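# Tertiary structure, described
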Amino acid sequence: MSDLPFDAAEARDLLAGRPPANLDLWLDDVAGQLAEFGWTSQSLLPHLSTETLSALRQEVETLNRTEALDRAGVGRGKDHAHDRSVRRDRIAWLNGETTAQGDLWRLLNALQQGLNQRLFIGLKRFECHYATYGAGDFYRRHLDSFRGRSSRIVSLVLYLNDDWRPEDGGLLQIYNRENPNEVCGSVLPEAGRVALFMSEDVPHEVLTAQRTRYSIACWFRRDPIQGLAL
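Note that the coordinates shown come from a computational prediction; the quantities given were computed from them, not determined experimentally.

## Digging into the sheet that holds strand S5 (residues 139-142)
Here four strands make up an open sheet; going across it, the order is S5-S10-S7-S8 and the pairing antiparallel. Where the open sheet ends on each side, the last strands, each with one partner, are S5 and strand S8 (183-187). In this sheet, adjacent strand axes meet at a mean angle of 15 degrees when their direction is disregarded. Both strand S7 (residues 172-175) and strand S10 (residues 204-206) contribute to a ladder of three bridges, which runs antiparallel. Bridge pairing links Ile174 to His204 in S10.

Here's what the structure looks like:
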């Protein structure tokens, strides 16, 4: 993975739809890790500026302070429920319309294109929401998609927390896709850190947070937006 910083030339390449060289190498690494292990943890700092990360953090802090976040649920459709024994975070969906979200959207579009080119998985779109975990909040072990639904294919979580320490809790715990009882990794939710994993295959959970924890959850999907022809 390249350590070159985010700069104006990289931004121009992203705007023009061209992955810059260091981003291209990063995409190779991400795709290789997903193919071999089903998950990976990386730093986005070479590809997303600290100014953008700070602006995203300010957005979710404002939503949290003004009580504009909704209680998250589990399940879909008629099975959707708010079960606080399973998850306790609050969420707000992103639309890509702010400057900071637009920066993130360009990177996610490049990631979607890069994964399609390298893994041939037919991703068509992505969706994202902010998530806030207060002290005492958690999300028990789960999968992001039921096998065979061909909806959520790749999950991504981007963290927005400064000065996060292990004793602050809130780690993302990853389980082995071959043995769901075996922990194979933990991700500290520090600013600029991202976790990616195959939505149907990799069980994971958010351990109990000891202070307020901010993140963005994103899912790359294979299904088109309902009502739109592609």
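## Some details on the sheet that holds strand S1 (residues 39-43)
Overall, antiparallel pairing links the seven strands, which are arranged S1-S9-S6-S11-S4-S3-S2 in an open sheet. Both edges of this open sheet fall to S1 and strand S2 (70-71), since each of them pairs with a single strand only. Sheet analysis places S1 next to strand S9 (residues 193-198), joined by five bridges and oriented antiparallel. Bridge assignment links Thr40 to a residue of S9, and that residue is Leu196. With respect to the sheet, helix H3 (residues 50-65) is in contact with strand S3 (90-93), strand S4 (125-133), strand S6 (152-159) and strand S11 (213-221), its orientation differing from that of S4 by roughly 60 degrees. Sheet contacts for helix H4 (residues 99-119): S4, S6, S9 and S11; angle to S4, the most-contacted strand, approximately 130 degrees.

## As for the packing of aromatic side chains
Enumeration according to the criterion identifies three aromatic pairs in this entry. Ring centres of Trp105 and Phe126 lie 5.2 Å apart, and the angle between their planes is 70 degrees; on these two criteria the pair is classed as edge-to-face. Remark: Phe126 occurs in strand S4 and Trp105 occurs in helix H4; sequence separation between them is 21 residues. Residue classification places Phe126 among the buried residues on the basis of a relative accessible area of 14%. One aromatic cluster is present, built from ring pairs that chain together Trp105, Phe126 and Phe220. Over the ring of Phe138 we find Arg140, and its NZ or CZ is 3.8 Å from the ring centre. Above the plane of the ring of Trp219 lies Arg152, whose end atom (NZ or CZ) is 3.8 Å from the centre.

## Thoughts on the pattern of salt bridges
Inspection of the entire model under this criterion finds twelve salt bridges. Note that Arg87 and Asp89 form a salt bridge whose closest N and O atoms lie 2.7 Å from each other. Arg87 gets classed as buried once you look at its relative accessible area, which sits at 10%. Each of Arg125, Glu127, Arg152, Arg221 and Asp223 takes part in a single network of salt bridges with overlapping partners.

The rules behind each value
Position numbers for residues count from 1 along each chain, tracking the sequence in the order it is written. Predicted model: local features are reported for residues with pLDDT of at least 70 only, side-chain atom pairs are reported and counted for 80 or more only, and whole-chain, interface and lining totals are derived from all residues. Derived side-chain values reflect all non-hydrogen atoms in the structure, with water molecules and hydrogen atoms excluded from consideration. A pair of strands is treated as paired once DSSP finds two or more bridges between them. Helical segments are the DSSP runs of H or I of at least four residues, strand segments are the runs of E of at least two, and each set is numbered from the N terminus. Each axis is a line fitted through C-alpha atoms, and for a helix only the stretch in contact is used; angles between axes span 0 to 180 degrees, taken between their N-to-C directions. Any pair of residues with heavy atoms lying within 4.5 Å of one another is described as a contacting pair. Only Phe, Tyr and Trp rings take part, Trp by its six-membered ring, and two of them pair if their centres are within 6.5 Å. Stacked means planes under 30 degrees apart, edge-to-face means over 60, and tilted covers everything else. For every residue, the accessible area obtained with a 1.4 Å probe (protein chains only) is divided by the maximum for its type, and the residue is called buried under 20%, exposed over 50%, and partly exposed between those limits. Comment: the charge-over-ring label is applied if NZ (Lys) or CZ (Arg) is within 6 Å of the ring centre and within 35 degrees of the ring normal. Here, a salt bridge means any Lys or Arg side-chain nitrogen found within 4 Å of an Asp or Glu carboxyl oxygen.

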